[in-house]
Amino acid sequence: MTGTIYVLNGPNLNLLGKRQPEIYGRETLADVEAAAVETAKAKGLSVRFLQSNAEHQLIDWIHEAREEASAIIINPGAYTHTSVAILDALNTFEGPVMEVHISNVHKREEFRRHSYVSLRADGVIAGCGTQGYLLAIERVARVLGAS
Ligand code: DQA
């Protein structure tokens, strides 16, 4: 076990804090990263926090995680609802996978209610704002026996 959690963020999440703040809040992704690092540290774990707008980059990071990470936390953004390729990549990863959505995707448009990623995720957190990332770290720590 490496003790490293890969926290992967998909398209448009680089604009967190500026993009539709009424839905996603005013915290930036850098704020979330700082809180995630602290939460993981308190559990004796570390975080590699990454964001890309490109599907292939997210897939490459999932492949990298096969060697480098004990768990993956992923907010795939809109790829949640479209990407069989990200699902296939996650299916090659053996550790725990948590899916996080800042908004409650079940309270929004119908197309957001289907997630390819949920076919692999061990747990899903939606609608808890950016706290969802921290809750996912707590869960991963528990599953890995780090807390
Ligand atoms: C999201 C929800 C998705 O439907 C949307 O496309 C996003 C963000 C969330 O965090 O609530 O980009 O994953």
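Every value quoted in this text rests on a predicted model; they were computed, and no experiment measured them.

### Some remarks on the overall build of the protein
Helix and strand content of the protein: five helices and five strands. Listing the helices and strands of the protein from first to last along the sequence gives β-α-α-β-α-β-α-β-β-α. For 147 residues, the compact-globule estimate of 2.2 N^0.38 gives 15 Å, and the protein sits close to it at 14 Å. When the backbone C-alpha atoms are referred to their principal axes, the protein occupies close to 40 × 30 × 25 Å. Summarising the internal contacts of the protein: among those between residues at least 6 apart in sequence, 76% fall at separations of at least 24.

### Side note on unusual backbone geometry
In this structure, N12 takes a positive phi of about 75° despite not being glycine. Within the secondary structure, N12 sits in the loop between β1 (4–9) and α1 (21–24). Non-glycine residue Q20 carries a positive phi angle of around 40°. Looking at the element boundaries, Q20 is found in the loop between β1 and α1.

### Let's talk about the site of the ligand
In the neighbourhood of the ligand, the contacting residues comprise R19, Y24, N75, G77, A78, H81, H101, I102, S103, V105 and R112. In the environment of the ligand, an oxygen atom lies 3.0 Å from a nitrogen or oxygen atom belonging to the side chain of R19. Within the backbone of A78, an N or O atom sits 3.2 Å from an oxygen atom of the ligand. Contact with the protein chains covers 99% of the free accessible surface of the ligand, which is 320 Å².

### Digging into the environment of G25
With respect to the helices and strands, the residue G25 is situated in the loop between α1 and α2 (29–42). For G25, a relative accessible area of 24% corresponds to the partly exposed category. A C-alpha to C-alpha distance of 7.3 Å links G25 and G129, two positions 104 residues apart in sequence. Those residues within four positions of G25 in sequence are excluded, and the remaining contacts are G17 and Q20.

### Observations concerning the layout of surface pockets
Computed from the structure, the largest pocket encloses a volume of approximately 160 Å³. Lining of the largest pocket is provided by 16 residues; of these, R19, Y24, G77, A78 and R112 occupy positions nearest its centre. When grouped by side-chain class, the residues that make up the lining of the largest pocket number six nonpolar, seven polar and three charged.

### Notes on the pattern of salt bridges
Per the counting criterion, the structure on display carries six salt bridges. In this structure, K43 and E138 form a salt bridge, with 3.4 Å as the shortest nitrogen-oxygen distance. Here E138 lies in helix α5 (residues 131–144) and K43 lies in the loop between α2 and β2 (46–51), a separation of 95 residues in the sequence. Under the relative-accessibility criterion, K43 is labelled partly exposed at 23%. Residue classification places E138 among the partly exposed residues on the basis of a relative accessible area of 37%. For E110, the salt bridge goes to R113, with nearest N and O atoms at 3.7 Å. We classify E110 as exposed; its relative accessible area is 58%.

Each value, and the rule that gives it
Residues numbered from 1 in each chain as written. Predicted model: local features only at pLDDT ≥ 70, side-chain atom pairs only at ≥ 80, totals over all residues. Heavy atoms only, no water. Helix = DSSP H or I, 4+ residues; strand = E, 2+ residues; numbered from the N terminus. Rg over C-alpha atoms; globule rule 2.2 N^0.38 Å. Contact = heavy atoms within 4.5 Å. Near = heavy atom within 4 Å. Polar contact = N/O pair within 3.5 Å; in protein donor to acceptor, adjacent residues only side chain to side chain. Areas by Shrake-Rupley, 256 points an atom, 1.4 Å probe, with all protein chains shown as cover. Buried < 20%, exposed > 50% of the residue type's maximum accessible area, 1.4 Å probe, protein only. 1 Å grid on protein atoms, 1.4 Å probe; cavity = no way out; pocket = protein on both sides within 12 Å on 5 of 7 lines; lining within 4 Å. Points joined across faces, edges and corners; volume = space filled by probe spheres on them. Nonpolar A, V, L, I, M, F, W, Y, C, P; charged D, E, K, R; others polar. Salt bridge = Lys/Arg side-chain N within 4 Å of Asp/Glu carboxyl O.

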